[in-house]
Amino acid sequence: MNERPDKRLVAASFSKAAGSYDSVAQLQRDVGQQLLQYLPLSLQPQRWLDVGCGTGFFSRALTDRYPRSEGIAVDIAEGMLQHARQASAAQAFVAGDAERLPLRDASCDLLFSSLALQWCADFQAVLDEAHRVLRPGGTLAFSSLCVGTLQELRDSWLAVDGFVHVNRFRSAEDYQALCAGSSLQIRRLQVRAHRLYYADLRSLTHGLKALGAHNLNDGRPAGLTGRARLRALADAYERQRQAEGLPCTYQVIYGVLQKEPGP
Ligand SMILES: C[S@@+](CC[C@H](N)C(=O)[O-])C[C@H]1O[C@@H](n2cnc3c(N)ncnc32)[C@H](O)[C@@H]1O
């Protein structure tokens, strides 16, 4: 599935959410920590990138992990970069797009990216760019979202009006095929489900909005969501309630790929 929201909408939505992001980003924290654990222990980058750095939480973690390296935090949303800059999360801060990185060829040893690449329509371009900017032997480590993410919300909306109210995600098979067909070697590629539970629908949708991750796809209905439709949505979602609360599933793909070592 190649349709993704307009990049200007994505950047504006995340810039707007920069102030609230950290308070609701528990899943993002868990996923990023997991990705950090998947980094090869032998890796000692001279220069790393954190692409889609957001508020810079994992740029800071990479700075702590590699104190002698130069770290560059990259994001498409200026508002997010401002937060990362204020937190001194890296050594340099660059506004840029994962599909067209404003960096020189063979200029870094690690490209880290947690929960950002699901916003890229052209994942092939992301892999090509990673291959281009990595030095021989360099590592791409990413986490992203697959089909099945927010499935409960999608199903509930479907029961209400059949509209696309949830961002579309690439399938795990597409990620697999694109990685296998790239010039990088796959070291790890696996999907893990993460499930959150909410007390009610309101807290779930507020959480998505505070993250800047609410639906930006074309085909979303314009204008206000009517009260009756929200009530119908809440009723539909209630039918999926479990003992822990309303379930909200994220299907997360973790990838660690390596550029072939030099001669
Ligand atoms: C869910 S946040 C994740 C932030 C951070 N990596 C974390 O784990 O907390 C996604 C970030 O990706 C950025 N982003 C979206 N599309 C991007 C693109 N094409 N290139 C670079 N950054 C992008 C957004 O602006 C946002 O800051």
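Treat the numbers as computed from the prediction; the structure is a model and nothing was measured.

**Overview of unusual backbone geometry**
Phi is positive for Ser-88, which is not a glycine, with a value near 45°. The residue Ser-88 is located in the loop between helix H4 (78-86) and strand E3 (92-95) in this model. Residue Ser-88 is classed as partly exposed on the basis of its relative accessible area, which comes to 45%.

**Digging into the sheet that holds strand E2 (residues 70-75)**
The sheet built from seven strands is open, its strands ordered E3-E2-E1-E4-E5-E7-E6 with mixed pairing. Two strands bound the open sheet, and with one partner strand each, they are E3 and strand E6 (185-198). This sheet shows a mean twist of 15° between the axes of neighbouring strands, independent of strand direction. Of the strand pairs in this sheet, strand E1 (residues 47-51) and strand E4 (residues 108-114) are connected by three bridges, and their pairing is parallel. Paired with Trp-48 across the strands is Leu-110, a residue of E4. Contacts between helix H2 (residues 26-38) and the sheet are confined to E4, strand E5 (134-145), E6 and strand E7 (246-258), with E7 contributing the most and set at about 25° to the helix. Running at roughly 160° to E6, helix H7 (residues 172-180) makes contact with E5, E6 and E7 of the sheet.

**Here we look at the pattern of salt bridges**
Counted according to the given criterion, the structure contains eleven salt bridges. Note that Glu-99 and Lys-7 form a salt bridge whose closest N and O atoms lie 3.0 Å from each other. Separated by 92 residues along the polypeptide, Glu-99 in the loop between E3 and E4 and Lys-7 in helix H1 (residues 7-21) bring together distant segments of the chain. Judged by its relative accessible area of 28%, Lys-7 is partly exposed. Taking the shortest distance from any N to any O, the salt bridge between Arg-60 and Asp-64 comes out at 3.4 Å. Taken together, the positions of Arg-60 and Asp-64, both in helix H3 (residues 57-65) and four residues apart, correspond to about one turn of that helix.

Thresholds, definitions, all that
- Residues numbered from 1 in each chain as written.
- Predicted model: local features only at pLDDT ≥ 70, side-chain atom pairs only at ≥ 80, totals over all residues.
- Heavy atoms only, no water.
- Helix = DSSP H or I, 4+ residues; strand = E, 2+ residues; numbered from the N terminus.
- Buried < 20%, exposed > 50% of the residue type's maximum accessible area, 1.4 Å probe, protein only.
- Pairing = 2+ DSSP bridges.
- Axes fitted to C-alpha atoms, helices over the stretch in contact; angles between N-to-C directions.
- Contact = heavy atoms within 4.5 Å.
- Salt bridge = Lys/Arg side-chain N within 4 Å of Asp/Glu carboxyl O.

Read these as spatial facts, not as claims about activity.
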